[in-house]
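# Results of the structural survey
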Amino acid sequence: IRLVEDAQAAKAPVQRLVDQVSSVFVPVVIGIALLTFAGWWWMGAGLETAIIRAVAVLVIACPCALGLATPTAIMAGTGVAAKFGILIKDAEALELAHRVDTVAFDKTGTLTVGRPRLLALLPAPDADEAQALRLAASLQSGSEHPLARAVLAAAREQGVAIGAVQDAHAVPGQGSEGVVDGVRVQVGSARWMREQGVDLKPFDAAAGMQQAQGATISILSVQPDAAQPPQALALLAFGDEPKPEARAAIERLQAAGVRTVMISGDNRGAAEAMARRLGLRPEEGEVLAEVLPGDKAEAVRALKQGVPSPRPLHTVAMVGDGVNDAPALAAADVGMAMGSGTDVAMHAAGITLMRGDVGLVAAALDVSHRTVAKIRQ
């Protein structure tokens, strides 16, 4: 909540087109009216006649069309968008979207289906696979995280009994930990495990192979004795599938000259493998991997700045669905939330794609182009 509030407070209000025109138009009209008054009065027409002529200029030149064009066009644009499942709650987002030149996508649940499966559980040489799955499932039994649900589903399929867990809690962006059968258990990213002093060398080859195939890697570790560092017990490999329409949606944006970027908390190997399936080019900087949840908003700001430029060079739209995407949605020039995602994501975004279809991103930008063109016309 704090990150969302900070990002919203830092967003500069969009200078509306009407204000830009009026800042020149109104002073010019007033000046002409004053000249009209002065001219008729100097020609001897009398004070009353001169005032009437000046008021006539003001009445005829009154920018009624300017005042009506913007709200009318926005009303029409939002109505058309709503018919296609694009809900626009922020008129500024509709006006600004026509300038978007970079679209950043969250990976899980936005570009992918968001229902990962446990593809493999590889135990350490002296560990039992069923026991490792039991510990992992017991720890994850109270979690709503997609990877946790995948572990629980695998445990149910294999008939593994789930034990009681104590002192369980999540470590944001890293994993979760708790006590199962009197033993402290952790499940999380390889980076987090290394920070805990866990030796991952026995899993290096397997991890590299799984990541090359696009799998997301987690490590299960146990710590029987508080005086000793945790020990790696198993490697868990998860797989998710891209949404059927995702690649076509990205190609449509690229064809329109819009840069597309994927932001993921996944390890680089898995993120880049998924990106290539979606038509993104990691070698051209179109993949930002291993981004912690709290750093997504900063990643969006970096895309806006065109680092290392000191001022914004790009107009960035962020597309996401989760709680941890909300700060990034608020930090972007245009936030687009998936209607199948969380409430906080939809609250932070100016545009909601009700069907959860990323193909609607290009449609939303097109509606903005047409709306702004009509205002200018």
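Residues numbered from 1 in each chain as written. Predicted model: local features only at pLDDT ≥ 70, side-chain atom pairs only at ≥ 80, totals over all residues. Heavy atoms only, no water.

## What to know about the sheet that holds strand 9 (residues 259–263)
Strand order in the open sheet formed by seven strands is 1-13-12-11-2-9-10, with mixed pairing between adjacent strands. Of all strands in the sheet, those with a lone pairing partner are strand 1 (86–88) and strand 10 (287–288), marking the two edges. Of the strand pairs in this sheet, strand 11 (residues 316–320) and strand 12 (residues 334–338) are connected by four bridges, and their pairing is parallel. The residue of strand 12 that forms the bridge with Met-318 is Gly-335. Along the sheet face, helix 13 (residues 296–305) touches strand 2 (102–106), strand 9, strand 10 and strand 11 and points at about 160° away from the line of strand 9. (Pairing = 2+ DSSP bridges. Helix = DSSP H or I, 4+ residues; strand = E, 2+ residues; numbered from the N terminus. Contact = heavy atoms within 4.5 Å. Axes fitted to C-alpha atoms, helices over the stretch in contact; angles between N-to-C directions.)

## Side note on the sheet that holds strand 5 (residues 175–180)
Pairing is antiparallel across the open sheet formed by six strands, whose spatial order is 3-8-7-6-5-4. Strands with a single pairing partner mark the edges of an open sheet, and in this sheet they are strand 3 (117–123) and strand 4 (165–171). Neighbour-to-neighbour, the strand axes of the sheet open up by a mean angle of 20°, direction not taken into account. Bridge count for strand 5 against strand 6 (residues 183–188) is six bridges, and the pairing is antiparallel.

## Let's talk about the nonpolar core
Judged by nonpolar contacts, the single largest core of 42 residues is most densely connected at Ile-86, Val-103, Phe-105 and Val-334. Per element, the largest residue contribution to this core is eight residues, and it comes from helix 16 (residues 360–376). For Val-103, the residues in contact, after removing those within four places along its chain, are Leu-253, Val-258, Arg-259, Thr-260, Val-261, Ala-317, Val-319, Val-361 and Leu-365. Ranked by size, the runner-up nonpolar core spans 40 residues in total, among them Leu-121, Ala-150, Ala-154 and Leu-220. (Core = buried A, V, L, I, M, F, W, Y, C linked by side-chain atoms within 4.5 Å. Buried < 20%, exposed > 50% of the residue type's maximum accessible area, 1.4 Å probe, protein only.)

## Section: the pattern of salt bridges
For side chains of opposite charge, pairing can occur when their charged atoms come near one another. Throughout the structure, instances matching the rule amount to 14 salt bridges. Asp-106 is paired through a salt bridge with Lys-296; the nearest N and O atoms lie 2.9 Å apart. Residue Asp-106 is located in strand 2, and its partner Lys-296 is located in helix 13; the two are separated by 190 residues in the primary sequence. A residue is classified by how much of its surface remains accessible, and Asp-106, at 6% relative accessible area, is buried. Sharing partners across several salt bridges, the network here consists of Asp-106, Lys-296 and Asp-325. (Salt bridge = Lys/Arg side-chain N within 4 Å of Asp/Glu carboxyl O.)

## Some remarks on the packing of aromatic side chains
Overall, the coordinates contain one aromatic pair when judged by the stated rule. Ring centres of Phe-37 and Trp-41 lie 6.5 Å apart, and the angle between their planes is 5°; this geometry places the pair in the stacked category. Of this pair, Phe-37 and Trp-41 both sit in helix 2 (residues 17–42), four residues apart, which is roughly one turn of the helix. Residue classification places Phe-37 among the partly exposed positions, given a relative accessible area of 26%. Cation over ring: Arg-53 sits above Trp-40, and NZ or CZ is 4.6 Å from the ring centre. (Phe/Tyr/Trp six-rings, centres within 6.5 Å; stacked < 30°, edge-to-face > 60°. Lys NZ or Arg CZ within 6 Å of the ring centre and 35° of its normal.)

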